[in-house]
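Survey of secondary and tertiary structure
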Amino acid sequence: HNGDLVDYSNPWQITLGKIYGMMDDLRLESRRVQDKYIAMTKALISSADIDGFRVDTPMQVPLEFFKRWAPAVRDHARSLGKERFGLFGEFFVTTERFATMTG
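Residues numbered from 1 in each chain as written. Predicted model: local features only at pLDDT ≥ 70, side-chain atom pairs only at ≥ 80, totals over all residues. Heavy atoms only, no water.

So, the overall build of the chain
Along the chain, the regular secondary structure elements total four helices and two strands. For the chain, the succession of helices and strands along the chain, N to C, is α-α-β-α-β-α. Going through the 103 residues of the chain one by one, you find that 30% of them count as buried. Residue pairs in contact within the chain that sit at least 24 positions apart in sequence constitute 61% of those at least 6 positions apart. When the accessible surface of the chain is summed, it comes to about 6800 Å², and 56% of that surface belongs to carbon and sulfur atoms. (Helix = DSSP H or I, 4+ residues; strand = E, 2+ residues; numbered from the N terminus. Buried < 20%, exposed > 50% of the residue type's maximum accessible area, 1.4 Å probe, protein only. Contact = heavy atoms within 4.5 Å. Areas by Shrake-Rupley, 256 points an atom, 1.4 Å probe, with all protein chains shown as cover.)

The structure is reproduced here in structure tokens:
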């Protein structure tokens, strides 16, 4: 919906570009979609008794989504007695952007 991702050093393309010209994404910038994704994640943790998530290509997801999703997931896991619930992912970004993607 925002053009193809062709320049991995362009923050706008990394976040909003379409991968390989064919892979659409969820509109995670939408509060409604975020709410549904958080609810789905909580249900998955509860029903499958998982202890962590690996997040694929986090640099292509709006940072504001992770600011809501990660605390909600960790809080839910903690309510189930999972004090050390893991969240991790891989990414390739410029040094300037790296600081915004850790923590």
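Remarks on the environment of alanine 77
Tracing the sequence through the fold places alanine 77 in helix H3 (residues 63-79). In this structure, the C-alpha to C-alpha distance between alanine 77 and isoleucine 45, residues 32 residues apart in sequence, is 7.1 Å. Ignoring any residue separated from it by four or fewer positions in sequence, one finds alanine 77 in contact with Lys82 and Phe85.

Some thoughts on the pattern of salt bridges
Summed over all chains, the structure comprises seven salt bridges. Each of the salt bridges in this network shares a partner with another, and the network as a whole consists of Asp49, Asp51 and Lys82. (Salt bridge = Lys/Arg side-chain N within 4 Å of Asp/Glu carboxyl O.)

A few points about the nonpolar core
If you look at the biggest cluster of nonpolar residues, it comprises 14 residues, and the most contacted ones within it are Phe53, Phe65, Phe66, Trp69, Val73 and Phe85. Elements represented by at least two residues in this core include exactly helix H2 (31-48), strand S1 (52-55) and H3. Examining the composition of this core, we find that seven residues originate from one element, H3, more than from any other. Setting aside anything within four residues of it in sequence, one finds valine 73 in contact with Thr41, Ile45, Phe53, Phe85 and Leu87. (Core = buried A, V, L, I, M, F, W, Y, C linked by side-chain atoms within 4.5 Å.)

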